[in-house]
Amino acid sequence: LLLCPVRIESDFSAYNLAPASLTQSGAVEYVRYNGKSEKPSLVWQTPQRAEAAAQAETAAAAQPSVRTKTHTEYLPPLMRIWAAGVSAMLLYALISWLRLRRMTAASLRLQENVFLCDELPSPFILGVLRPKIFLPSELNDTQRAAVLAHERAHLARRDQVWKPLGFVLLSVHWFNPLLWLGYILLCRDMEYACDEAVLRDLEEPDKRAYSQALLNCAG
């Protein structure tokens, strides 16, 4: 529902399977046959009845009286505010991506999809379909091995796909504080899960070295 907030309409409905009759007022009455009573269980509006209601509303609006605005009259401004928020979020993502591309323009390939860069403050993954791991050049061999194991755990979990998808969802629902909280917790849990996946296969001395390497990168 959050990924597709637009209501999808269709002519197919379960009500089409129920017996119906058209009354003089223009309403469709669906009758539930239970062997005891044939009292309609549902009255559904038809275009004729809706048109009559619209005409009555128009006539009432024409009368000189104080009329309160309905929620539909406020919808366009709210839609503009929502669209502005979505545009701001996506613009921020685009600027961040261009900034990372500029920072990694002079990177040096270390392995197949691992690159070293002098200007990076911390390691990260760039790309969705063909992700690349970028590491700071100042890391020593021990730190590099630990950080590389962490980033590869991200790739194994497909975090380079789920994290941008979460940001797109956040951009659409930027007005919802629960989505902000969920996105923050999602990013935190991704880091915790990768740390647990790497530490699970290490011995005690290597665990201390791995933790120290991550602390050095965070600092």
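The text that follows walks through the structure, step by step, so that each part is easy to find. Every value quoted in this text rests on a predicted model; they were computed, and no experiment measured them.

Quick notes on the pairing of strand β7 (residues 132-136)
Thinking step 1. Taking burial as the measure, the five residues of β7 include four buried ones, the bulk of the element.
Thinking step 2. Pairing analysis gives four bridges linking strand β5 (residues 114-117) to β7, with the strands arranged parallel. Within β7, the residue paired with Phe 115 across the bridge is Phe 134.
Thinking step 3. As paired strands, strand β6 (residues 124-126) and β7 are joined by three bridges and run antiparallel to one another. Directly across from Ile 125, in β7, lies its bridge partner Ile 133.

So, the environment of Ala 83
Thinking step 1. Within the secondary structure layout, Ala 83 lies in helix α2 (residues 75-103).
Thinking step 2. Sequence separation between Ala 83 and Ser 171 is 88 residues; the distance between their C-alpha atoms is 9.8 Å.

Some points on unusual backbone geometry
As a rule of thumb, non-glycine residues mostly have phi less than zero, and peptide bonds are mostly trans rather than cis.
Thinking step 1. Positive phi values are uncommon outside glycine, yet Arg 158 reaches one of about 60°.
Thinking step 2. Tracing the backbone shows Arg 158 in the loop between α3 (141-156) and α4 (159-172).

A word on a positive patch on the surface
Thinking step 1. On the surface, a cluster of positive charge is contributed by Arg 101, Arg 109, Arg 130 and Lys 132.
Thinking step 2. Relative to the assigned elements, Arg 101 resides in helix α2.
Thinking step 3. Overall, Arg 101 belongs to the partly exposed group, its relative accessible area being 47%.

Looking at the pairing of β5
Thinking step 1. Of the two faces of β5, both are covered, the one formed by Val 114 and Leu 116 as well as the one formed by Phe 115 and Cys 117.
Thinking step 2. Alignment of strand β4 (residues 108-109) against β5, held across two bridges, turns out to be antiparallel. What sits directly across from Arg 109, in β5, is Phe 115.

Overview of the sheet that holds β7
Neighbouring strands of a sheet are bound in pairs by backbone hydrogen bonds; such pairs are parallel or else antiparallel.
Thinking step 1. Strand order across the open sheet formed by four strands is β4-β5-β7-β6, with mixed pairing between neighbours. Looking at the sheet topology across the chains shown, the edges are occupied by β4 and β6.
Thinking step 2. Packing against the sheet, α3 makes contact with β5, β6 and β7, and its axis sits at approximately 155° to β7.

Focus: the nonpolar core
Thinking step 1. Core analysis: the largest hydrophobic core is formed by eight residues, namely Val 114, Leu 116, Ile 133, Leu 135, Leu 139, Val 147, Leu 148 and Leu 155.
Thinking step 2. Looking at this core, the elements with two or more residues in it are β5, β7 and α3.
Thinking step 3. Broken down by element, this core gets its largest block of residues, three residues, from α3.
Thinking step 4. Other than its neighbours up to four places away in sequence, Val 114 contacts Leu 108, Arg 109, Ile 133, Leu 135, Leu 148 and Arg 152.

Calculation rules
Residues numbered from 1 in each chain as written. Predicted model: local features only at pLDDT ≥ 70, side-chain atom pairs only at ≥ 80, totals over all residues. Heavy atoms only, no water. Buried < 20%, exposed > 50% of the residue type's maximum accessible area, 1.4 Å probe, protein only. Helix = DSSP H or I, 4+ residues; strand = E, 2+ residues; numbered from the N terminus. Pairing = 2+ DSSP bridges. Patch = residues over 30% accessible without salt bridge, like charges linked within 9 Å, V, L, I, M, F, W, Y side chains within 5 Å. Areas by Shrake-Rupley, 256 points an atom, 1.4 Å probe, with all protein chains shown as cover. Salt bridge = Lys/Arg side-chain N within 4 Å of Asp/Glu carboxyl O. Lys, Arg positive; Asp, Glu negative; His and termini not counted. Charge placed at Lys NZ, Arg CZ, Asp CG, Glu CD. Contact = heavy atoms within 4.5 Å. Axes fitted to C-alpha atoms, helices over the stretch in contact; angles between N-to-C directions. Core = buried A, V, L, I, M, F, W, Y, C linked by side-chain atoms within 4.5 Å.

That is the geometry; function is a separate question.
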